[in-house]
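# Descriptive analysis of the structure
So the chains spell out like this:
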Amino acid sequence: QVQLVESGGGLVQPGGSLRLSCAASGNIFSISAMGWYRQAPGKQRELVASISSGETTNYANSAKGRFTISRDNAKNTVYLQMNSLKPEDTAVYYCNAVVRVVMATSFNRYWGQGIQVTISS
């Protein structure tokens, strides 16, 4: 019913920048929180940043001061601007959205398929 499609990943040198996008589509009535998670090899998936429907943001300590999350409600899209990237930011990044679909009475959490971000010289 809901699809989340990420884009913008890739390979960048340390100190560089990337902007991830995630567009939600489908039978959407409303979207509550949206966010970005990441999972590095051998590690658990962790929250990077989230943004509420009222645009209150929350960041992991590792992302504070370097990453900025934003959303465009008209496009059902969430963005993650990542600056001053480090090798330890290398991971698969997953988009997440809490969505209420048409005719539903509750919200459910949906995930994107993930996109690779590699920071290397």
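Read on for a plain summary of the structure. (Residues numbered from 1 in each chain as written. Predicted model: local features only at pLDDT ≥ 70, side-chain atom pairs only at ≥ 80, totals over all residues. Heavy atoms only, no water.)

## So, the side chain of Asn96
Here is the rule we go by: Each helix is a run of DSSP H or I of at least 4 residues and each strand a run of E of at least 2, with the numbering of both proceeding from the N terminus. For the exposure calls, accessible area comes from a 1.4 Å probe over protein chains only, and a residue counts as buried if that area is under 20% of its type's maximum, exposed if over 50%, partly exposed in between. Residue contacts are counted whenever heavy atoms from the two residues lie within 4.5 Å of one another.
Considering the arrangement of structural elements, one finds Asn96 in strand S9 (residues 91-101). On the accessibility criterion, Asn96 (3% relative accessible area) is buried. If sequence neighbours within four positions are ignored, Asn96 has contacts with Leu4, Ala33, Met34, Gly35, Tyr37, Arg109, Tyr110 and Trp111.

## Concerning the packing of aromatic side chains
Under the convention used in this document: Any pair of Phe, Tyr and Trp rings, taking the six-membered ring for Trp, is counted once the centres come within 6.5 Å. Such a pair is stacked with planes under 30 degrees apart, edge-to-face with planes over 60 apart, and tilted for the rest. In our convention, an over-ring charge means Lys NZ or Arg CZ found within 6 Å of a ring centre and within 35 degrees of that ring's normal.
A full pass over the atoms with the stated rule returns 1 aromatic pair. With a centroid separation of 5.0 Å and an interplanar angle of 65 degrees, the aromatic rings of Tyr37 and Trp111 are classed as edge-to-face. Of this pair, Tyr37 sits in strand S4 (residues 28-39) while Trp111 sits in strand S10 (residues 108-111), and the two are 74 residues apart along the sequence. Residue classification places Trp111 among the partly exposed positions, given a relative accessible area of 36%. Sitting over the ring of Tyr79, Arg19 keeps its end group 4.0 Å from the ring centre. Above the ring of Trp111, the side-chain terminus of Arg45 is found at 4.7 Å from the ring centroid.

## A short note on the pattern of salt bridges
Filter applied, for reference: What makes a salt bridge here is a side-chain nitrogen of Lys or Arg within 4 Å of a carboxyl oxygen of Asp or Glu, nothing more.
Throughout the structure, instances matching the rule amount to 3 salt bridges. With its nearest N and O atoms 2.9 Å apart, the salt bridge here joins Asp89 to Arg38. Residue Asp89 is located in the loop between strand S8 (77-82) and S9, and its partner Arg38 is located in strand S4; the two are separated by 51 residues in the primary sequence. Take Asp89: its relative accessible area is 0%, and that puts it in the buried class.

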